[in-house]
Amino acid sequence: MSSCCSTSSESKKDNKRHTCPANGKEYLQVSSSTVLLHVKKPWQIGHSKLIEQSYYFCNDPDCDVVYFGENDVMLNKSELRSLVGIKEPDNDEALSCYCFDVTHAEARKTPEIKQYVIDKTKNKQCACESQNPSGRCCLKDFP
Ligand SMILES: [Zn+2]
């Protein structure tokens, strides 16, 4: 919301961290509504995986886990609706920007796109919190 795409430091509530059970590194919290918007068929996922708790986003390309919970429950790449761009840096078709549908290949080929995204972001015409699996602004993910 207010923290979406803010270029200054992120608001305090977003700074909660937890250790990814798979790679042992710490990652930032993501809202549970973002998780719901990106997992494949959330109604089919067992209640034990999608409970009321804090979830976190692992952005390590080498780690298969995308979301994990406070209780260390894990949601892997294969459980998501789409490729997570930041975890697929070598896949040209994966997205750099989810708000405006910019692939890694397009972002590399046309650097001006980044300025377009910056402008839209300044006008608050982006929707990173829901569109981007990380729940955060995509600008820092641009190549
Ligand atoms: Zn991980």
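No experiment lies behind these values; they were computed from the predicted model shown. Each chain has its residues counted from 1, following the order in which its sequence is written. With pLDDT at 70 or above as the cut-off, local features in this predicted model cover only qualifying residues; side-chain atom pairs require 80 or more to be listed or tallied, and sums for whole chains, interfaces and linings still use all residues.

Engineer: Sorry if this is basic, but what is going on with the environment of Val-35 here?
Structural biologist: By definition, any uninterrupted DSSP run of H or I lasting at least four residues is a helix, any uninterrupted run of E lasting at least two residues is a strand, and each is numbered from the N terminus. On the secondary structure map, Val-35 appears in helix α1 (residues 32-38). Distance from Val-35 to Leu-50, taken between C-alpha atoms, is 8.8 Å for residues 15 residues apart in sequence. Those residues within four positions of Val-35 in sequence are excluded, and the remaining contacts are Val-30, Tyr-55 and Tyr-67. Remark: residues whose backbone-derived C-beta atoms lie within 7 Å of one another are considered to be in contact.

Engineer: Teacher, can you tell me more about the sheet that holds strand β1 (residues 17-19) here?
Structural biologist: What links the strands of a sheet is backbone hydrogen bonding, and the strands pair in either a parallel or an antiparallel sense. On the basis of which strands lie adjacent, the open sheet formed by 5 strands has the order β1-β2-β3-β4-β5 and antiparallel pairing. With partners counted over all chains shown, the strands left at the sheet margins are β1 and β5 (74-76), one partner each. Between one strand axis and the next, the sheet turns by 40 degrees as a mean value, whatever way the strands run. Two strands are said to pair when DSSP picks up at least two bridges between them. One ladder, built from 3 bridges, connects strand β3 (residues 55-57) with strand β4 (residues 65-69); its direction is antiparallel. Bridge pairing in β4 places Phe-57 opposite Tyr-67. Geometry is summarised by axes, namely lines fitted to C-alpha atoms with helices restricted to the contacting stretch, and by angles between N-to-C directions that run from 0 to 180 degrees.

Engineer: Could you clarify how one ought to interpret the nonpolar core in this entry?
Structural biologist: The nonpolar side chains of a soluble globular protein tend to be buried, and buried together. Core analysis: the largest hydrophobic core is formed by 17 residues, its most contacted members being Tyr-56, Phe-57, Cys-58, Val-66 and Tyr-67. Elements supplying a minimum of two residues to this core: β2 (26-30), β3 and β4. For this core, the element with the most residues is β4, which contributes 4 residues. Setting aside anything within four residues of it in sequence, one finds Tyr-67 in contact with Val-30, Val-35, Tyr-55, Tyr-56, Phe-57 and Leu-75. We define the nonpolar core as any set of buried residues of the types Ala, Val, Leu, Ile, Met, Phe, Trp, Tyr and Cys, connected via C-beta atoms lying within 7 Å of each other. Any residue surrounded by 20 or more other C-beta atoms within 10 Å of its C-beta is treated as buried, while 12 or fewer makes it exposed and the intermediate range makes it partly exposed; C-beta atoms here are placed from the backbone. Val-102, Ala-107, Cys-128 and Cys-137 belong to the second largest nonpolar core, which has 11 residues in total.

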